[in-house]
Amino acid sequence: MYDGFDFLITLSFGIIYLRMTAFMMLEKQRKIKEVMRTMGMTNTSYYGSWILHEFLIFLVASLFTAGMVKATLPRLSFWVMLTLCLLYSLMLISQSLLVQVFFTRAKIAILFATFLLIFQYALSFVFKNSKQQTELLSTSVAVFPISAMALGLFGILQHHSA
């Protein structure tokens, strides 16, 4: 009944993640951070402002998503869905910071982040449709943020339909 449910939710957060990665990489490519550092800004305040700014954007998206899911699945707790979305947001922020470490060119980093997003979703799709879902396999797949979110939503939907 809810076949594309996990895809729609992870896709909406994935768009925010790609936008965040693009803006961070453009700042890195234009060396804005180095200019601000010469003016006295520390790395802590630079990354803290990025994390806080993006967390607030993800918070709004999480509130909206949790409200939509609560309207769709009335038995599901709003707070459970909000917590799941916020944890997923924190994982995406961390992943965006990780992508920023390995690349200096914005376009290449955005392409890599897009392929990473598609790979993670494909991995969760393969696992979800697998006949042998062992605990070791689910633990290894859940290392990736999108797979973990998709598996969490899959578990919630199974619990809700039971």
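As a reminder, the structure under discussion sits directly above these lines.
Since this is a predicted model, take the numbers as computed values, not measurements.

What to know about the overall build of the protein chain
Here's step 1: The helix and strand tally for the protein chain stands at 7 helices and 0 strands.
Here's step 2: Burial analysis of the protein chain (162 residues in total) assigns 37% to the buried set.
Here's step 3: For the protein chain, the share of sequence-separated contacts (at least 6 apart) that also reach a separation of at least 24 residues comes to 76%.
Here's step 4: Per element, the accessible surface of the protein chain, about 9500 Å² overall, is 73% carbon and sulfur.

Remarks on the side chain of Q120
Here's step 1: Within the secondary structure layout, Q120 lies in helix 5 (residues 106–128).
Here's step 2: With relative accessibility at 1%, the residue Q120 sits in the buried group.
Here's step 3: Reaching out from Q120, the side chain makes a polar contact with the side chain of Q95 at a distance of 3.1 Å.
Here's step 4: Those residues in contact with Q120, other than ones at most four positions away along the chain, are Q95, F144, P145, I146 and S147.

With respect to unusual backbone geometry
Here's step 1: The backbone phi angle of K31 is positive, close to 60°, even though this residue is not glycine.
Here's step 2: Within the secondary structure layout, K31 lies in the loop between helix 1 (5–29) and helix 2 (32–38).

Some remarks on the pattern of salt bridges
Here's step 1: For the structure on display, the rule yields 1 salt bridge.
Here's step 2: Close ionic contact of R19 with E54 constitutes a salt bridge, the shortest N to O distance being 2.9 Å. Here R19, found in helix 1, pairs with E54, found in helix 3 (residues 43–72); they are 35 residues apart in sequence, far enough to count as distant.
Here's step 3: Among the residues examined, R19 registers a relative accessible area of 28% and is labelled partly exposed.
Here's step 4: The exposure class assigned to E54 is buried, which follows from its relative accessible area of 0%.

As for the nonpolar core
Here's step 1: I9, F13, Y17, F58 and M81 are the most contacted members of the largest nonpolar core, which totals 36 residues.
Here's step 2: Counting only elements with at least two residues in this core, the list comes to helix 1, helix 3, helix 4 (78–102), helix 5 and helix 7 (145–161).
Here's step 3: Beyond its immediate chain neighbours, meaning those up to four positions away, I9 contacts T65, V69, M81, M149 and L153.

Looking at helix 4
Here's step 1: Spanning 25 residues, helix 4 covers 37 Å between terminal C-alpha atoms, matching the ideal 36 Å at 1.5 Å per step.
Here's step 2: Here helix 4 has its buried residues at M81, L82, C85, L86, Y88, S89, L92, I93, Q95, S96, V99 and Q100.
Here's step 3: Structurally, the start of helix 4 carries an N-cap: the backbone nitrogen of W79 is 3.3 Å from a side-chain oxygen of S77.

Section: the environment of F7
Here's step 1: Examined against the element boundaries, F7 turns out to sit in helix 1.
Here's step 2: Classification of F7 as partly exposed rests on a relative accessible area of 34%.
Here's step 3: On a C-alpha basis, the gap between F7 and S124 in space is 9.9 Å, while along the polypeptide they are 117 residues apart.

Topic: the side chain of S89
Here's step 1: The topology assignment puts S89 in helix 4.
Here's step 2: Side-chain polar atoms of S89 contact the backbone oxygen of C85, separated by 2.8 Å.
Here's step 3: Aside from chain neighbours lying at most four places away, what touches S89 is F13, F58 and S62.

Overview of the packing of helix 4 against helix 7
Here's step 1: At a closest axis distance of 9 Å, the pairing of helix 4 and helix 7 adopts a crossing angle of 170°. Between helix 4 and helix 7, the interaxial angle falls into the category roughly antiparallel. Judged by residue contacts, V80, M81, L84, C85, Y88, M91, L92 and Q95 of helix 4 engage P145, I146, A148, M149, G152, L153 and I156 from helix 7.
Here's step 2: Counted by class, the contact of helix 4 with helix 7 contains 13 nonpolar, 2 polar and no charged residues.

Reading the values: the criteria
Residues take numbers from 1 onward in each chain, read along the sequence in its written order. With pLDDT at 70 or above as the cut-off, local features in this predicted model cover only qualifying residues; side-chain atom pairs require 80 or more to be listed or tallied, and sums for whole chains, interfaces and linings still use all residues. The side-chain numbers reported here are obtained from all heavy atoms of the structure, hydrogens and water having been left aside. For the purposes of this entry, the term helix denotes a DSSP run of H or I that reaches at least four residues, the term strand denotes a run of E that reaches at least two, and both are numbered from the N terminus. Under the scheme applied here, a residue whose accessible area is under 20% of the maximum for its type counts as buried, over 50% as exposed, and between as partly exposed, the area being computed with a 1.4 Å probe on protein chains only. When checking whether two residues touch, look at their non-hydrogen atoms; a contact exists if any pair is within 4.5 Å. Each accessible area is a Shrake-Rupley estimate made with a 1.4 Å probe; only the visible protein chains count as cover when residues are assessed. N or O atoms within 3.5 Å of each other form a polar contact, as long as, within protein, one can give a hydrogen and the other can take it, and as long as residues adjacent in sequence are counted only when both atoms are side-chain atoms. Should a side-chain nitrogen of Lys or Arg be within 4 Å of a carboxyl oxygen of Asp or Glu, the pair is scored as a salt bridge. In plain words, nonpolar cores are sets of buried Ala, Val, Leu, Ile, Met, Phe, Trp, Tyr and Cys residues tied together by side-chain atoms within 4.5 Å. Under the convention used throughout, the expected extent of a helix is 1.5 Å for every residue step, that is, one less than its residue count. Note on geometry: axes are lines fitted to C-alpha atoms, helical ones only across the stretch in contact, with angles between N-to-C directions running from 0 to 180 degrees. Angle categories: roughly parallel below 35 degrees, roughly antiparallel above 145, roughly perpendicular from 65 to 115, and oblique for all the rest. Classification convention: Asp, Glu, Lys, Arg as charged; Ala, Val, Leu, Ile, Met, Phe, Trp, Tyr, Cys, Pro as nonpolar; all other residues, Gly among them, as polar.

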